[in-house]
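As a plain string of letters, each chain reads:
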Amino acid sequence: MGPHPAVAAIRLAVRRVLHDILNDHETSRAHPGRPAPGERERPGTTAERSSSPLVLVACSGGADSMALASALAFEAPRLGIRAGGVTVDHGLQPGSGPRADEVALRLRELGLGPVESVAVTVGREGGPEAAARDARYAALDAAAERHGATAVLLGHTRDDQAETVLLGLARGSGIRSLSGMAAVSGAGGRYRRPFLHLDRQTARKACMVQSLPVWDDPHNADPAYTRSRLRHEGLPALEKALGKGVVEALARTAQLSRDDADALDAWAGQAEAAVRDAAGLLECAKLYALPPAVRRRILRRAAIEAGAPAGSLFARHIEEIDRLITGWRGQGAINLPGKVVAQRQGGRLVIRQG
């Protein structure tokens, strides 16, 4: 008799991602002087690059990431892939250190290695949730570099995707926010999310039938956090009002939005060279002729290149810059995050550090 359907589902999702990673690795072996698609060039000899790839799982000890770790431990040896794990101790709750050590022990018991627990210091910039996320990804990046990992698997589910879409909608920050989390992201395509098409209950069921102990983070039920309120109040209210299927619909919206956003980003990248003069300055008349969605992408990219932090640059900032082109009445400079200033001078748009 085969595995439980929930276990079969998580293993299949991980197997597909591991096959993608192997294909990239084989490309690197076939062309040792060139990185595989989506992979950065890393130092090392040809022999080092051609050894079996290492894949890490980021595991908090919750049901989603424990299910992911179990599936990775099962599938990786069958494909000749080395598999390890990382758990991050954010230090935000009493007993977080011993708990992280316990998660690391569970990962080793699954047969994963190398495994490590990494303690981080969470700052305050952007709020507690954003600060914790920034610290976590910095730690995962460092662990991947330290161990020479090809990829890091993340346990985000379809439910997480739906929440991310709703949060983006609430911010009113455009189609890119509605595209949610990408299946492949990070520098060189480091981060992979196998569970974006699986619901949270499937992961929890897989843990239960495999007798895997899980830890439920109390922050996930704390109404002080926006995502927690959305999870326990917002989404249930939407499903009550609109019927079942809201989560699936939001996840589909994310994929459709991502496809559209990627196409518009590519268009903006191609159009940008044509709207700059010989000195590299943006010409307002040529910008005005572009569709708004393309023009605003060029403006956003220019502001970030000038030093405006991407996480602090909101739609209202881009709209103010856009009015220098579409609603020019001699207005003064626009102050942007990161001490960046945008102003119109002689038919050119100048964006620079103030």
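Residues numbered from 1 in each chain as written. Predicted model: local features only at pLDDT ≥ 70, side-chain atom pairs only at ≥ 80, totals over all residues. Heavy atoms only, no water.

Topic: the overall build of the protein
Okay, step 1: Along the backbone of the protein there are 13 helices and ten strands.
Okay, step 2: Over its C-alpha atoms the protein spans a radius of gyration of 23 Å, differing by no more than 12% from the 20 Å that the globule rule assigns to 354 residues.
Okay, step 3: When its C-alpha atoms are laid out on the principal axes, the protein stretches across 70 × 55 × 40 Å.
Okay, step 4: In the protein, which comprises 354 residues, the proportion classed as buried is 44%.
Okay, step 5: Pairs at least 24 residues apart make up 67% of the contacts formed inside the protein by residues separated by at least 6 positions.
Okay, step 6: In the form shown here, the protein has an accessible surface area of approximately 17800 Å², with 54% of it arising from carbon and sulfur atoms.
Okay, step 7: Considering the protein, the positive charge centre built from 47 side chains and the negative charge centre built from 39 side chains are found 3 Å apart. (Helix = DSSP H or I, 4+ residues; strand = E, 2+ residues; numbered from the N terminus. Rg over C-alpha atoms; globule rule 2.2 N^0.38 Å. Buried < 20%, exposed > 50% of the residue type's maximum accessible area, 1.4 Å probe, protein only. Contact = heavy atoms within 4.5 Å. Areas by Shrake-Rupley, 256 points an atom, 1.4 Å probe, with all protein chains shown as cover. Lys, Arg positive; Asp, Glu negative; His and termini not counted. Charge placed at Lys NZ, Arg CZ, Asp CG, Glu CD.)

Topic: the sheet that holds strand 2 (residues 82-89)
Okay, step 1: The strand order across the open sheet built from six strands is 3-2-1-4-6-5, with neighbouring strands paired in mixed fashion. With partners counted over all chains shown, the strands left at the sheet margins are strand 3 (115-119) and strand 5 (184-185), one partner each.
Okay, step 2: Sheet analysis places strand 4 (residues 151-153) next to strand 6 (residues 191-192), joined by two bridges and oriented parallel. Within strand 6, the residue paired with V152 across the bridge is Y191.
Okay, step 3: Sitting on the sheet, helix 3 (residues 63-75) touches strand 1 (54-58), strand 2 and strand 4, and the angle it makes with strand 1 is about 160°. (Pairing = 2+ DSSP bridges. Axes fitted to C-alpha atoms, helices over the stretch in contact; angles between N-to-C directions.)

Things to note about the sheet that holds strand 7 (residues 282-283)
Okay, step 1: Read across the sheet, four strands follow the order 7-10-9-8 without closing on themselves; strand pairing throughout is antiparallel. Looking along the sheet, the strands with just one partner apiece sit at the ends: strand 7 and strand 8 (334-336).
Okay, step 2: Pairing between strand 8 and strand 9 (residues 340-345): three bridges, direction antiparallel. Following the sheet pairing, I334 is matched in strand 9 by A342.
Okay, step 3: Docked against the sheet, helix 12 (residues 292-305) engages strand 7, strand 8, strand 9 and strand 10 (348-353), running at close to 35° with respect to strand 10.
Okay, step 4: Contacts between helix 13 (residues 315-326) and the sheet are confined to strand 8, strand 9 and strand 10, with strand 9 contributing the most and set at about 15° to the helix.

Here's the deal with the pairing of strand 3
Across a regular strand the side chains alternate sides, sitting on one face of the sheet and then on the other.
Okay, step 1: In this sheet, strand 3 lies alongside strand 2 in parallel orientation, the contact comprising five bridges. Bridge assignment links V88 to a residue of strand 3, and that residue is V118.

Here we look at the environment of S52
Okay, step 1: Here S52 shows up in the loop between helix 2 (46-50) and strand 1.
Okay, step 2: The spatial distance from the C-alpha of S52 to the C-alpha of F314 is 43 Å, given a sequence separation of 262 residues.
Okay, step 3: Discounting residues that sit within four places of it in the chain, S52 has contacts with H25, G80 and R82.

A look at the environment of G354
Okay, step 1: As for its position among the elements, G354 is in the segment after strand 10.
Okay, step 2: Counting along the chain gives 150 residues from G354 to R204, while the straight-line C-alpha distance between them is 51 Å.
Okay, step 3: Filtering out sequence-adjacent residues up to four positions away, G354 remains in contact with K339, V340 and V341.

Points about the pattern of salt bridges
Okay, step 1: Taken as a whole and assessed by the stated rule, the structure comprises 25 salt bridges.
Okay, step 2: The closest approach of N and O atoms between R301 and E272, which form a salt bridge, is 3.4 Å. Of this pair, R301 sits in helix 12 while E272 sits in helix 10 (residues 246-272), placing them 29 residues apart in sequence.
Okay, step 3: Overall, the relative accessible area of 9% leaves E272 in the buried class.
Okay, step 4: K286 is the partner of E283 in a salt bridge, and the nearest nitrogen-oxygen pair spans 3.2 Å. (Salt bridge = Lys/Arg side-chain N within 4 Å of Asp/Glu carboxyl O.)

Some points on the state of the cysteines
Okay, step 1: Within this structure, the stated rule accounts for zero disulfides.
Okay, step 2: No disulfide involves C207; its sulfur sits 8.7 Å from the nearest other cysteine sulfur, which is in C59. (Disulfide = S-S within 2.5 Å.)

Describing helix 13
Okay, step 1: Taking 1.5 Å of rise per residue, twelve residues should cover 16 Å, and helix 13 covers 16 Å from first to last C-alpha, within 8% of that figure.
Okay, step 2: Buried within helix 13 we find H317, I318, I321, D322, L324 and I325. Looking straight down helix 13, one finds that the buried residues subtend no more than 140° of arc, so they occupy a single side.
Okay, step 3: For helix 13, the secondary structure elements touched by its buried residues are helix 11 (284-288), helix 12, strand 8, strand 9 and strand 10. (Expected span 1.5 Å × (residues − 1). Arc of directions from axis to C-beta.)

Describing the packing of aromatic side chains
Okay, step 1: Per the stated rule, a full pass over the model turns up one aromatic pair.
Okay, step 2: Lying across the ring of F74, R78 places its NZ or CZ 3.7 Å from the centre. (Phe/Tyr/Trp six-rings, centres within 6.5 Å; stacked < 30°, edge-to-face > 60°. Lys NZ or Arg CZ within 6 Å of the ring centre and 35° of its normal.)

Points about the packing of helix 6 (residues 158-171) against helix 9 (residues 226-242)
Okay, step 1: Two numbers describe how helix 6 lies on helix 9: the axes approach to 10 Å, and their chain directions differ by 95°. Relative to helix 9, the element helix 6 is oriented roughly perpendicular. Each of D160, E163, T164, L166 and L167 in helix 6 lies in contact with helix 9, whose residues at this interface are T226, R227, L230, R231, L235 and L238.
Okay, step 2: Its residues assigned to classes, the contact of helix 6 with helix 9 comprises five nonpolar, two polar and four charged. (Parallel < 35°, antiparallel > 145°, perpendicular 65-115°, else oblique. Nonpolar A, V, L, I, M, F, W, Y, C, P; charged D, E, K, R; others polar.)

Description of helix 10
Okay, step 1: Along its 27 residues, helix 10 runs 38 Å from first to last C-alpha, staying within 8% of the 39 Å computed at 1.5 Å per residue.
Okay, step 2: Listed in full, the buried residues belonging to helix 10 are V246, V247, L250, A251, A254, S257, R258, A261, L264, A268, A271 and E272.
Okay, step 3: Its buried side turned inward, helix 10 meets helix 6, helix 7 (175-178), helix 9 and helix 12.

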